Amino acid sequence: MMYWIVFALFTTAETVTDLLLSWFPFYFELKIAFVIWLLSPYTKGSSVLYRKFVHPTLSNKEKEIDEYITQAKDRSYETMMRFGKRGLNLAANAAVTAATKGQGVLSDKLRSFSMQDLTLINAEDELMMEMFPSCKWKPCLKHIS
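Predicted model, so just to flag it, every value in this text is computed and none were measured.

Caption draft 1: Helix α2 (residues 27–39), seen in detail. Between its terminal C-alpha atoms α2 stretches 19 Å, which fits the 18 Å expected from 13 residues at 1.5 Å a residue. All buried positions along α2 are accounted for by Tyr-27, Lys-31 and Leu-38. Down the axis, α2 shows its buried residues gathered within 40° of arc, on one side only. Projecting away from the buried face of α2 at angles above 90 degrees are the exposed residues Ile-32, Ile-36 and Leu-39. Of the surrounding secondary structure, the elements contacted by the buried residues of α2 are α1 (2–21) and α3 (45–60).

If you want it as structure tokens, here you go:
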């Protein structure tokens, strides 16, 4: 665990030092040697750096870190609740808008279907009347038309 903490700090520092010191002769070779020193079980470089620098710094600032974590937790909860409410409001508005617009479209479709069906029924009735002039349903068919 100590190695990974020190390595994460090294990677963070490496981002800045690559921009500033990459022109320095043997910079990349020194960087590789440093990583080998961190990894080596004989030198235990990561343990040395962790015990001398990282652990004391973390111990001294433990209260500040805990307060920051608590503040971040509270802010994240408030932020998620605010975004959740906004999302639900947007979804509700979209549903209501779709329902109101969709109702008009649906009624137009139903009206067009029903008018089409009625014209088909009228055409069928006229055909039936022509085919069977003595049909007893003839007065009813005329009434529906």
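Past the structure itself, the notes keep going.
Caption draft 2: Just the packing of aromatic side chains, in detail. Applying the stated criterion to the full structure yields eight aromatic pairs. For the ring pair Tyr-3 and Trp-4, a centre distance of 5.0 Å and an interplane angle of 70° mean the geometry is edge-to-face. Using a relative accessible area of 57% as the deciding quantity, one classes Trp-4 as exposed. Here the aromatic cluster, defined as three or more aromatic residues joined through ring pairs, consists of Tyr-3, Trp-4, Phe-7, Phe-10, Phe-34 and Trp-37. Over the face of the ring belonging to Phe-83 we find Arg-82, whose NZ or CZ atom lies 6.0 Å from the ring centre.

Conventions we followed
- Residues numbered from 1 in each chain as written.
- Predicted model: local features only at pLDDT ≥ 70, side-chain atom pairs only at ≥ 80, totals over all residues.
- Heavy atoms only, no water.
- Helix = DSSP H or I, 4+ residues; strand = E, 2+ residues; numbered from the N terminus.
- Expected span 1.5 Å × (residues − 1).
- Buried < 20%, exposed > 50% of the residue type's maximum accessible area, 1.4 Å probe, protein only.
- Arc of directions from axis to C-beta.
- Contact = heavy atoms within 4.5 Å.
- Phe/Tyr/Trp six-rings, centres within 6.5 Å; stacked < 30°, edge-to-face > 60°.
- Lys NZ or Arg CZ within 6 Å of the ring centre and 35° of its normal.

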